[in-house]
Amino acid sequence: MAILPDKPLVWLHGEIKTPPFSKEARLDAGFLLRKLQQGETLALPHSRPIPSIGKHCHELRIEDQKQTWRIIYRIDPDAIVIAEVFRKKTRKTPPEVIDMSQKRLKVYDDVAHVRSRK
């Protein structure tokens, strides 16, 4: 059985650093992203699908002391694409986060399509 290489992380927006993340939350985010790179499928409470953004899109949930972080990502065949990192302040994902994530992923897909045609 062949071992597949880890998928790279493609950062379209955002970063995970201390501060504003606590050291513990940053390590937790890194641990979960590493699992995704290795092909693991995450489920609640760590991740949930977010189809309002697009196919294969998910929201990674990071609890951090007195706040909660979200990382919007998409699982592509060749990469884990990070569209947004934000502090969650309400129960619903803000419409502007959904809109910007969709736009970033579309630009990424358009650029990838142009590259694949060359």
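A few points on the structure. (Residues numbered from 1 in each chain as written. Predicted model: local features only at pLDDT ≥ 70, side-chain atom pairs only at ≥ 80, totals over all residues. Heavy atoms only, no water.)

## Some points on unusual backbone geometry
Peptide bonds are trans in most cases, and residues, glycine excluded, mostly fall at negative phi.
Inference 1: A cis geometry characterises the amide bond from Leu 44 onward to Pro 45, with omega recorded as 10°.
Inference 2: Relative to the assigned elements, Pro 45 resides in the loop between helix H1 (23–37) and strand E2 (47–49).
Inference 3: Although it is not a glycine, His 56 sits at a positive phi angle of roughly 65°.
Inference 4: One non-glycine residue, Gln 65, lies in positive phi territory at about 45°.
Inference 5: Take Gln 65: it is sitting in the loop between strand E3 (57–64) and strand E4 (67–75).
Inference 6: Gln 65 gets classed as exposed once you look at its relative accessible area, which sits at 72%. (Helix = DSSP H or I, 4+ residues; strand = E, 2+ residues; numbered from the N terminus. Buried < 20%, exposed > 50% of the residue type's maximum accessible area, 1.4 Å probe, protein only.)

## Concerning the nonpolar core
Inference 1: Core analysis: the biggest nonpolar cluster contains 16 residues, and Phe 21, Leu 60, Ile 62, Ile 71 and Ile 82 have the highest contact counts within it.
Inference 2: Per-element tally for this core: the top contributor is H1, with five residues.
Inference 3: Ignoring anything within four residues of it in the chain, the contact list for Leu 60 reads Leu 32, Leu 33, Leu 42, His 46, Ser 47, Trp 69, Arg 70, Ile 71 and Tyr 73.
Inference 4: In this structure, Ile 50, Ile 53, Cys 57 and Leu 105 belong to the second largest nonpolar core, which totals twelve residues. (Core = buried A, V, L, I, M, F, W, Y, C linked by side-chain atoms within 4.5 Å. Contact = heavy atoms within 4.5 Å.)

That is the geometry; function is a separate question.
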